[in-house]
Amino acid sequence: METIHLHHGSGGKLTRDLIRDLFVAQLSNGNAYCYGDSAIIDMPAGKIAYTTDAFVISPLFFPGGSIGKLAICGTVNDLAVSDALPVLLTASFIIEEGFPLNDLKNIVADMAETARLADVKIVAGDTKVVQKGQCDGLYISMSGIGIAPQDAEDKALGLWLEPGNKIILTGTIGDHGMAILNAREALGLQSELLSDCACLHKMLGGLRHWDFGVHFMRDATRGGVAMVLSELVEGKPYGIKIYEKDIPVRAEVNSMCDLLGFDPLYLANEGKAVLVVRQESAEAVVNYLREDELGKNACIIGEIQEEFPGMVVMDTLIGGHRVVDMPVGDQLPRIC
Amino acid sequence: MTKELQTYRNADLAKSLLRQIEKEVSRPLRIMEVCGGHTMAIHKYGINNLLPDDIQLISGPGCPVCVTPVAYMDILLQIAMQPDVIIASYGDLMRVPGNLGNLEAVRAKGADVRLVISPLDALKKAKENPGKKVVFPAIGFETTAPGTAVALLKAREMDVDNFFVLASHRTMPEAMQKLASGKINIDGFIGPGHVSCITGSDVYGFLASKYGIPVVISGFEPIDLLMSLLMILKQARLSKAVVENQYDRAVKPAGNVQAQKIMYSVFESCDAEWRGLGKINGSGLEIRESFGKWNALQHFKTSPVASNEDKRCICGKILTGLKDPGQCPLFGAQCTPEQPVGACMVSHEGTCNAWYRFKFMSNGNNTSTSRQRRKINA
């Protein structure tokens, strides 16, 4: 088995060959200026959104994707929920000595394919190889630039939120978190569950062309929907009420949550966003989202309310209520 | 969700049961749900804030995390820090504090701590890592003890010599007896569901006959719990005390006799310490001498650790419903979900943990009561 060794990262010929034969061949989009120290790009006038994100995941290949696909989707989604049109990405690879070359090839191929489908370009990259034991296989660090509208900042800060606004979820929650957990911990749960890892910018970007009054967007990654909503109301003069019966959760995710004592609201997603929209247009937004394959399970799950400021309160299936608060650390499978 | 499960989570059925419960309450009642799984379901579905004010639910000692003694954690943490050791633990234990920190903290210092959801997974890790010693911290009640026993039987059968069990199993009827005979007034027990699958419902007979306390064994779905409450209330109104089995789809009068046999072929009863409740005679399960080879206590050298347990912690009184978290000097200051001092702050459903979340999320108002929680219904 061919593997990566320290010389691949030492800056010599092996490094050049790896860059030329793998990274440039797969990711450069025919850009001739590939070996310089910077990418030279034409900047649009006005605002840009600029994001950075590191990808550390075990296992590197999981049902529904890989760290390569995740790196592109995660970065694109951070731009998309900032109301920006993703344009350019950069990628740095930190690779552990002894990493199988074939795995690296597959990961880079996933990145290339995902970026191509998403119409974003990877314009710069870097490779480092560290000694065995100094990293867990492979880490990818990404940055991304998107073209943002003038009011993107206000929206990102949630300045327009007010009681009555509806909370929309773009689809089922917990798919990614549960698929990864099952794969990583080898829980042995037989399941065809796939990570929801997907680029949302085309679906979310389309909202801009309508006067929907979308006041806020956030992708519900680590910490899940609970974290997004908790952050949204923290220290604010309003609260959020959500309805358990309206929250879309796949049957297998629900069953696995029951078994392990998990709450799907806290599970990570990589292809789902929380939207806050004007009450009058909520139905229209849901209908719009449902036209897209990635939004086919979109629905309204709650609203912003004046009562219980700073808190997220959920109406439970049986009509009870509970507070949905910020997670402290990861959820752990438990017996009681 | 399966159709059957939908029925057990049906809102209309819940409403109807709640109406019947309202009608049935004639006086203030203190009802203890013994099992941590019940506590969890009660909070998950918000059952506590749907009940009439006169019903006070007390979370009992049935959360393995809450009753695991500090001394046990100290032994476990010392073993975890020894060379070539892998701790293969249930997730529940990861954040339980001992004097030496917790499993997450020793993992950060280099200990090899891995999650498992079954003792057989731990045994598998031992077979996969012949150069390492794999230690399974065995906590829980009659529900988990037979599983541990099976793992030990398999270890003997396959002659695995790098698998060890650090046993801290507890048995429930003895703890319920201690509670029933103590000074707290309990008007009814929601009997444990999973434990009773193993023990059967007959073992609780003494609680009704000797102490006059109604017992209803309950399932874990919201409709199960509401039905069980209603059954207890009916007994209370009629001044009856019998053991009833609401969870008869899983629990039989004599329980799972095969599992009991397996459990007692590996373990024998012993006196045991419960965090918060003290020593309870015959409430523990220790590994029989014939399985001593796999007993972590016999294999690993550890030493007693000077206690830095904060004497002001009142978890014990909270566990028995004698005090509430607002009366603890540590609550919300030194003891928080991020840095728990007492076990009741560790688990999400621990009484202190639930209180904390209400206090700090309702603008610092520290008068969190069931009534205030109920206000959220408005």
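Residues numbered from 1 in each chain as written. Chains lettered and ligands numbered in written order. Predicted model: local features only at pLDDT ≥ 70, side-chain atom pairs only at ≥ 80, totals over all residues. Heavy atoms only, no water.

## Structural notes on the domain arrangement of chain B
Residues and elements named next belong to chain B. For chain B, the domain assignment lists domain 1 (1-309) and domain 2 (315-375). One C-alpha centre belongs to domain 1, the other to domain 2; they are set 22 Å apart. At the junction of the two partners, domain 1 supplies 26 residues and domain 2 supplies 17 residues. Summing both sides of the interface, domain 1 and domain 2 together bury roughly 1800 Å²; the carbon and sulfur share of this comes to 62%. When the buried area of domain 1 at its contact with domain 2 is split by residue, Asn49, Asp53 and Cys66 rank highest and sum to 26% of it. At the junction of domain 1 and domain 2, the tally comes to 0 salt bridges. Joining domain 1 to domain 2, the criterion identifies 0 residue pairs in polar contact (both at pLDDT 80 or more). Elements with a minimum of two residues in the side of domain 1 that touches domain 2: β1 (29-35), α3 (36-44), β2 (55-62) and α4 (64-67). Across the side of domain 1 that touches domain 2, the residue classes break down as 14 nonpolar, 7 polar and 5 charged. (Domains from an automatic or database assignment. Contact = heavy atoms within 4.5 Å. Buried area = accessible area lost by both parts, 1.4 Å probe. Salt bridge = Lys/Arg side-chain N within 4 Å of Asp/Glu carboxyl O. Polar contact = N/O pair within 3.5 Å; in protein donor to acceptor, adjacent residues only side chain to side chain. Helix = DSSP H or I, 4+ residues; strand = E, 2+ residues; numbered from the N terminus. Nonpolar A, V, L, I, M, F, W, Y, C, P; charged D, E, K, R; others polar.)

## So, the domain arrangement of chain A
Residues and elements named next belong to chain A. Per the domain assignment, the segments of chain A are domain 1 (6-151) and domain 2 (158-323). Taken over C-alpha atoms, the centre of domain 1 sits 28 Å from the centre of domain 2. With 25 residues of domain 1 at the interface, the matching set in domain 2 holds 23 residues. Both faces combined, the contact of domain 1 with domain 2 buries some 1900 Å², and carbon together with sulfur accounts for 64% of it. Three residues, Pro63, Asn77 and Val81, lead the burial of domain 1 against domain 2; their summed loss comes to 29% of the area buried on that side. The interface formed by domain 1 and domain 2 contains 9 residue pairs in polar contact (both at pLDDT 80 or more). Put simply, the parts of the chain that give the side of domain 1 that touches domain 2 at least two residues each are α2 (67-80), β4 (85-96) and α3 (101-118). Examining the composition of the side of domain 1 that touches domain 2, we find that 9 residues originate from one element, α2, more than from any other.

## Quick notes on the side chain of Glu24 of chain B
All names here are of chain B. Locating Glu24 in the fold gives a position in helix α2 (residues 11-24). With relative accessibility at 10%, the residue Glu24 sits in the buried group. One polar contact links Glu24 to Arg237, side chain to side chain, over a distance of 2.2 Å. Every residue in contact with Glu24, bar those within four places of it in the chain, is listed here: Leu230, Leu233, Lys234 and Arg237. (Buried < 20%, exposed > 50% of the residue type's maximum accessible area, 1.4 Å probe, protein only.)

## Observations regarding α2 of chain A
For α2 of chain A, which comprises 14 residues, the first-to-last C-alpha distance of 19 Å matches the rise-based estimate of 20 Å (1.5 Å per residue) to within 8%. Burial of α2 of chain A is extensive: 13 of the 14 residues sit out of reach of the surface. (Expected span 1.5 Å × (residues − 1).)

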